[in-house]
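Letter by letter, the chains look like this.
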Amino acid sequence: MHKAKQFAISESVVRVAFEKVKANKGAAGIDRQTVENFEEDLDANLYKIWNRMSSGTYFPPPVKSVEIPKSSGGTRTLGVPTVADRVAQMVVKIYLEPEVELKFHPDSYGYRPNKSALDAVAKATERCHHRWWVVDLDIKAFFDSLDHEILMNMVKAHTTCRWILLYIERWLKAPLQLEDGTQVARDRGSPQGSVISPLLANIYLHHAFDMWMVKTFPRVTFERYADDIVVHCTESQAQRVLADITWRLGLFKLELHPEKTKIVYCKQADRPGTFPNMAFDFLGFTFRARGMRNKAGNIFLGFGPAISDRAAKEIRQTIHDWQLHRRTYTSLEELARTINATVRGWINYYGRFYKSRLYGSLAGINAYLIKWAMRKYKRKRKQPARTRDWLIKIAEQTPDLFVHWKFGVKPYLR
């Protein structure tokens, strides 16, 4: 029989929280403990978390700081909490999320149950057909800029639960630990990489942006995925909408990136004239004028999304890094098993809109498979044409072997 605790937290919820953390995978924190290590003494580890959280004595350890390169250049700082801390954060998320989820705006798509980035891209596509102008917003260093006092007041508007408020405040104040062991105190921000940060980010922009937009510009629509925001409006509204949003976000210590934030004209066949900006990127897709086919089969100039050049370049780089042609110790079937899950993910995401734009990047896989065969089989060396014919024959006989073949990127596509 457990002694009565200060806070009523269910032990079963702590176990559910671990299962969710395990499913999300993720790296070890400053204690170097992996999920597998944590699981070796699972019951004791979960009891320790529950016991400390229930008694108010849980204090989060420092968050491991990891620098990862950004595709646009420079680096982004990720914060990696320990596995135990991720479990504790997941406990709070399980309790708090239902309190706020029903209040969130329907066009907030990031990190929410039953909503996805593709939903946001689809809605943006639909609205670009109706509204000619877009304000493409880019918030500078959003996760690093969240004001702790403002954020805590926002969270208090959604819950009066003392232990939830206590632990969120402690997580916000937990220091970052650099690679050399130095600890950096934080007076603002919530580290990207933590379990609770996405929910806190949504709460912050729910109050700072979403609900204010509904009240101030009730006829102006938007899609928001975390801090990635697209606003649809008329030409006459665009400048005022941008100016007012800039002012509003400033009240919450947020700043729009002056070079990445822009007004965009959604140019298509029935829309005259031009404008300096006629394309924008959103969630890995570039929206711009494109040749499209209507239901009758006729081609027209429309405005819509396809995989962005940056995302396509990242896919090609990943394919290059696989070095498939050097894996001559394995079989074609094993190569397929190695890469198919990743390629399927690309196809399911980037193939959703204007899928032919993805073909060129995936065709690189075939080129590496041809090189692989030429290295593996002596009789195929220095015979690329014959090796391609051999691969085409295999693709015809087993079209499901590689998922990109099934998608339509056959070996005869270069």
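Throughout this description, residue numbers start from 1 for each chain and increase along the sequence as written. Where local features are concerned, this predicted model is filtered to residues with pLDDT of at least 70; where side-chain atom pairs are given and counted, the filter is 80 or more; whole-chain, interface and lining totals use all residues. Side-chain descriptors were evaluated using all non-hydrogen atoms of the structure, hydrogens and water having been removed beforehand.

The disulfide criterion used throughout: a pair of cysteine sulfur atoms within 2.5 Å. By the definition in use, this model includes zero disulfides. Here C266 stays unpaired: no disulfide links it, and the sulfur of C128, its closest cysteine neighbor, is 4.0 Å away. Partly exposed describes any residue whose relative accessible area lies between the buried limit of under 20% and the exposed limit of over 50%, with all areas from a 1.4 Å probe on protein chains only and scaled to the type maximum. Judged by its relative accessible area of 0%, C266 is buried.

Turning next to the sheet that holds strand β8 (residues 262–265). For two strands to pair, DSSP has to find at least two bridges joining them. Helix numbers and strand numbers start at the N terminus; a helix is a DSSP run of H or I with at least 4 residues, a strand a run of E with at least 2. Here four strands make up an open sheet; going across it, the order is β6-β7-β3-β8 and the pairing antiparallel. At either margin of the open sheet sits one strand with a lone partner, and together these are β6 (221–225) and β8. The average angle at which neighbouring strand axes cross in this sheet is 20 degrees, direction not considered. Those strands touched by helix α10 (residues 235–251) are β3 (133–138), β7 (228–233) and β8, and its axis lies near 15 degrees from that of β3. Here the axes come from fitting lines to C-alpha atoms, over the contacting stretch only for helices, and the angles between their N-to-C directions go from 0 to 180 degrees. Working rule for contacts: check all heavy atoms of both residues, and any pair within 4.5 Å makes them a contact.

Time to look at the pattern of salt bridges. We define a salt bridge as a contact between a side-chain nitrogen of Lys or Arg and a carboxyl oxygen of Asp or Glu at a distance within 4 Å. With the rule as written, the count across this model stands at 15 salt bridges. Across the pair E101 and R112 runs a salt bridge, and its minimum N-O distance is 2.6 Å. Taken together, the residues E101 in helix α4 (residues 83–101) and R112 in the loop between α4 and α5 (117–130) connect sequence positions 11 residues apart. Since its relative accessible area comes to 9%, R112 is described here as buried.

For the rest of this paragraph, the subject is unusual backbone geometry. Its identity is not glycine, yet Y111 carries a phi of approximately 55 degrees, on the positive side. If you trace the backbone, Y111 turns up in the loop between α4 and α5. Despite not being glycine, K253 shows a phi value in the positive range, around 65 degrees. According to the relative accessible area criterion, K253 is partly exposed, its value standing at 47%.

Right, let's talk about the packing of aromatic side chains for a bit. Two rings from Phe, Tyr or Trp (for Trp, the six-membered ring) form a pair when their centres are within 6.5 Å of each other. A pair whose planes differ by under 30 degrees is stacked, one over 60 is edge-to-face, and the rest are tilted. Using the criterion set out here, one finds 24 aromatic pairs in the structure. The interplanar angle of 85 degrees and the centroid separation of 5.0 Å between the aromatic rings of Y95 and W163 together place this pair among those described as edge-to-face. One end of the pair, Y95, is in helix α4; the other, W163, is in helix α8 (residues 162–173), and 68 residues separate them in sequence. Relative to Y350, the ring of Y349 lies with its centre 4.8 Å away and its plane at 90 degrees, an arrangement referred to as edge-to-face. You can call Y350 buried: its relative accessible area is 15%. An aromatic cluster is defined as three or more aromatic residues linked by ring pairs; in this entry it consists of W132, W133, Y265 and F275.

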